Structure formats: C-alpha cells, structure tokens
Amino acid sequence: QVQLVESGGGLVQAGGSLRLSCAASGSIFSFVAMGWYRQAPGKQREFVATISSGGSTNYADSVKGRFTISRDNAKNTVYLQMNSLEPEDTDVYYCKGSRRFDAYWGQGTQVTVSS
C-alpha cells in the first residue's frame, strides 16, 4: 500500500511563498504522474499541476508563472513551489500519485493566504 504524505502548508500573507512537499512511502518511479490538486469547502477538487515520470509538467492557467512542480526521485518526493500567493489560492492542497490502473491521494495540507 502506497502512502503519500503532504507537508509545508500554513498561513502566509498575499505575495508570499510556500513550498509544499509530498513524500511517498515507496518509489515514485512506479507512478506515471504525480500531481497537486486543491479543494475549497463545498467545491470540487481542482487540478493545479502535474509532473510525469519523464519530467514533463502541466499547470492550471490560474497558477502558471507562479507555481512550479518538481520531483526528487532519490527522495521519493514531489514539491510544489508557490510564489506570489493570492487569497484565492486558499485551499486544502492534495498530492496525487497516478499509476496505470490506480491512483493514490494524500491527506491534504491547508494553505491559507491572508490579504
């Protein structure tokens, strides 16, 4: 059973930065892609960014130019560097690891951006 554990969330002022981490209990080589999603109370979970096993990245339009996803295969960890944060970025952020036939989610980490 693979476990994904997010960390790095917190409270930050608008314009500030945070770096989220997603640590996998096993090798992230087994995942076709790793990604970050976010969800506000009462809303659907939405895509933020993904990175493939080959290193290709994809971002939601709302975070392009501000957020950067990266992976450290040696540490089995995926990161989300978030810069120029806005109050609208306030959400619970979830890490997702996708394999060919299944996917795993972390428990989420709260990000709160104050104006």
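Nothing here was measured: the structure is a model prediction, and the numbers come from that model. (Residues numbered from 1 in each chain as written. Predicted model: local features only at pLDDT ≥ 70, side-chain atom pairs only at ≥ 80, totals over all residues. Heavy atoms only, no water.)

We now examine the overall build of the chain. Tallying secondary structure elements over the chain gives zero helices and 11 strands in all. For the chain, the succession of helices and strands along the chain, N to C, is β-β-β-β-β-β-β-β-β-β-β. Taking 13 Å as the expected radius of gyration for a compact globule of 115 residues, we find that the chain reaches 13 Å, a close match to that expectation. Dimensions of the chain, computed from the C-alpha atoms along their principal axes, are close to 40 × 25 × 25 Å. For the chain, with 115 residues in total, the buried portion stands at 43%. Across the chain, contacts joining residues at least 24 apart in sequence account for 54% of those joining residues at least 6 apart. By element, 47% of the accessible surface of the chain is carried by carbon and sulfur atoms, the whole surface being about 6,100 Å². The distance from the centre of the 11 positive side-chain charges to the centre of the 9 negative ones in the chain is 7 Å. (Helix = DSSP H or I, 4+ residues; strand = E, 2+ residues; numbered from the N terminus. Rg over C-alpha atoms; globule rule 2.2 N^0.38 Å. Buried < 20%, exposed > 50% of the residue type's maximum accessible area, 1.4 Å probe, protein only. Contact = heavy atoms within 4.5 Å. Areas by Shrake-Rupley, 256 points an atom, 1.4 Å probe, with all protein chains shown as cover. Lys, Arg positive; Asp, Glu negative; His and termini not counted. Charge placed at Lys NZ, Arg CZ, Asp CG, Glu CD.)

With that settled, consider the sheet that holds strand S7 (residues 67–72). The strand order S1-S3-S8-S7 describes an open sheet built from four strands, whose pairing is antiparallel. The open sheet has two free edges, formed respectively by strand S1 (4–7) and S7, since each of these has just one partner strand. Neighbour-to-neighbour, the strand axes of this sheet turn through a mean angle of 15 degrees, independent of strand direction. The pairing of strand S3 (residues 18–24) with strand S8 (residues 77–82) spans six bridges and is antiparallel. The residue bridging Ser21 from the neighbouring strand is Tyr79, located in S8. (Pairing = 2+ DSSP bridges. Axes fitted to C-alpha atoms, helices over the stretch in contact; angles between N-to-C directions.)

Okay, the pattern of salt bridges next. Working definition: two side chains of opposite charge can pair if their charged atoms are close together. Tallied over the full model, the rule gives seven salt bridges. The salt bridge involving Arg99 is made with Asp102; its shortest N-O contact spans 3.1 Å. (Salt bridge = Lys/Arg side-chain N within 4 Å of Asp/Glu carboxyl O.)

What follows is about unusual backbone geometry. Positive phi, normally seen in glycine, also occurs at Asn76, with a value near 50 degrees. Its place among the elements puts Asn76 in the loop between S7 and S8. Positive phi is not limited to glycine here, since Ser84 has a value of about 50 degrees. The partly exposed category is assigned to Ser84, whose relative accessible area is 42%.

In the case of a regular strand, side chains alternate between the two sheet surfaces. Only one face of S1 is buried, namely the one carrying Leu4 and Glu6, since none of Val5 and Ser7 on the opposite face is buried. In this structure, S1 lies alongside S3, joined through four bridges in antiparallel fashion. Along S3, the bridge assignment pairs Val5 with Ala23.

In this section: the packing of aromatic side chains. Both the distance between ring centres and the angle between the ring planes are used here to describe each pair of aromatic rings. Under the counting rule described, the total for this entry stands at three aromatic pairs. Aromatic side chains Tyr37 and Phe47 sit 5.8 Å apart centroid to centroid with 70 degrees between the ring planes, which places their arrangement in the edge-to-face category. Residue Tyr37 is located in strand S4 (residues 33–39), and its partner Phe47 is located in strand S5 (residues 46–52); the two are separated by 10 residues in the primary sequence. On the basis of relative accessible area, Tyr37 is assigned to the buried category, the value being 17%. Residue Phe47 is classed as partly exposed on the basis of its relative accessible area of 28%. Measuring from ring centre to ring centre gives 5.1 Å for Tyr37 and Trp105, while their planes differ by 70 degrees; the resulting arrangement is edge-to-face. Of the two residues, Tyr37 sits in strand S4 while Trp105 sits in strand S10 (residues 103–105), which places them 68 residues apart along the sequence. Residue class for Trp105 comes out partly exposed when judged on its relative accessible area of 35%. An aromatic cluster of three or more residues is present, and its members are Tyr37, Phe47 and Trp105. The residue whose ring lies beneath Arg45 is Trp105, and the NZ or CZ to ring-centre distance is 4.6 Å. (Phe/Tyr/Trp six-rings, centres within 6.5 Å; stacked < 30°, edge-to-face > 60°. Lys NZ or Arg CZ within 6 Å of the ring centre and 35° of its normal.)

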